[in-house]
Amino acid sequence: SSGINAEYGGDGPGFDKSCWFDVKFTLGLDFPNLPYLMDGDVKLTQTVSILHYLSAKTGLYPKSSNPADISRYDMIDHVIIDFFFVGIRLCYSPPDAFAANKAAVIERGKDFMKQFSSALGDNKYFAGDDITGTDFLMFEAIDMFVKLDSAFIEQDNLKKFMERIKELPQLQKYFTSPDSTHNWALTNKHASFR
């Protein structure tokens, strides 16, 4: 069984774009972008491709070998990214636009939640009884909306899903430590909502 344990310490960058643009095309990435992952000879960009790589490496990739199942999980990952960007765009909007648009964005997010609830159904996780990287991506995206609106989750199966993730023994330090990245701001200093 392989695992990944990454910790970060210290202050964040000064948010001068040159800290990225000065090195962006020197890292040997096929499609230079943030986020990126370098793991030995493997160099990846794009959230979903990194998620799939790490999921496969850590045993969190869907167990099914059926192409239709794999495509369904892949589709869910991409819909999660669409959902996430609905919320993140709000966070980076100017303060007056944030205030004016927050309620509408929360409602749009709830439309996604109805679909996610339907996709989850009575399953423990989005791949049935097997937890996958998709579940962690889903948790992170829903958690962002919960920080925007504590009453955001209306569906019982999604409430139970979120609790199930929070109760994983391997994540207790992540959720309980005051130094955990879970307690960090959602966004950087340029956002209206952090």
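Residues numbered from 1 in each chain as written. Predicted model: local features only at pLDDT ≥ 70, side-chain atom pairs only at ≥ 80, totals over all residues. Heavy atoms only, no water.

Draft legend 1. The arrangement of the pattern of salt bridges in detail. Applying the stated criterion to the full structure yields six salt bridges. The partner of K114 in a salt bridge is D111, with the nearest N and O atoms 3.8 Å apart. With a gap of three residues between them, K114 and D111 both fall in helix α4 (residues 95–120), about one helical turn apart. What makes D111 partly exposed here is its relative accessible area of 43%. In this structure, the salt-bridge partner of K147 is D143, at a minimum N-O distance of 3.5 Å. A residue pair is termed a helical-turn pair when its members lie 3 or 4 positions apart in one helix, as K147 and D143 do in helix α5 (residues 133–148) at four residues. (Salt bridge = Lys/Arg side-chain N within 4 Å of Asp/Glu carboxyl O. Helix = DSSP H or I, 4+ residues; strand = E, 2+ residues; numbered from the N terminus. Buried < 20%, exposed > 50% of the residue type's maximum accessible area, 1.4 Å probe, protein only.)

Draft legend 2. How the structure looks around helix α2 (residues 47–57). Of the residues making up α2, those classed as buried are V48, I50, L51, H52 and S55. Tucked into the core, α2 has its buried residues touching β1 (36–39), β2 (42–45), α3 (67–91) and α5. Note on α2: the residue one or two positions beyond its end, G59, has a positive phi of about 80°. (Contact = heavy atoms within 4.5 Å.)

Draft legend 3. Representation of the packing of aromatic side chains in the model. The tally for this structure, following the rule as stated, stands at twelve aromatic pairs. Between the aromatic rings of F83 and F112, the centroid separation amounts to 5.4 Å while the plane-to-plane angle is 45°, which identifies the pairing as tilted. One end of the pair, F83, is in helix α3; the other, F112, is in helix α4, with 29 residues separating them in the sequence. Exposure class is identical for F83 and F112. Each is buried. Under the relative-accessibility criterion, F112 is labelled buried at 13%. In textbook terms, an aromatic cluster arises when at least three aromatic residues are bridged by ring pairs, as seen for F83, F112, F116, F145 and F152. (Phe/Tyr/Trp six-rings, centres within 6.5 Å; stacked < 30°, edge-to-face > 60°.)

Draft legend 4. Focus on the confidence of the model for the protein chain. Put simply, the protein chain has an average pLDDT of 89, and 92% of its residues get 70 or more. For residues 1–10, every residue scores under 50 in pLDDT, and the model assigns this stretch seven contacts once sequence neighbours within four places are set aside. (pLDDT = per-residue confidence, 0-100.)

Draft legend 5. A look at α5. For α5, built from 16 residues, the straight-helix expectation of 22 Å at 1.5 Å per residue is met to within 8% by its first-to-last C-alpha distance of 23 Å. For α5, the tally of buried residues reaches twelve of 16 residues, placing the bulk of the element in the interior. Of all the positions in α5, only G133, T134, D135, L137, M138, F139, A141, I142, D143, M144, F145 and L148 are classed as buried. On the buried face of α5, the contacting elements are α2, α3, α4, α6 (156–166) and α7 (172–176). (Expected span 1.5 Å × (residues − 1).)

Draft legend 6. Spotlight on the nonpolar core. The biggest cluster of nonpolar side chains holds 37 residues, and the ones touching the most others in it are F83, F116 and F145. At the level of secondary structure, the elements contributing two or more residues to this core comprise α2, α3, α4, α5 and α6. Apart from residues lying up to four places away in sequence, F145 is in contact with F83, V86, G87, V105, I106, G109 and F152. (Core = buried A, V, L, I, M, F, W, Y, C linked by side-chain atoms within 4.5 Å.)

Draft legend 7. Molecular detail of the side chain of K110. Looking at where K110 falls in the secondary structure, it is placed in helix α4. Of the residues examined, K110 reaches a relative accessible area of 12% and is grouped as buried. Beyond its immediate chain neighbours, meaning those up to four positions away, K110 contacts D149, A151, F152 and E154.

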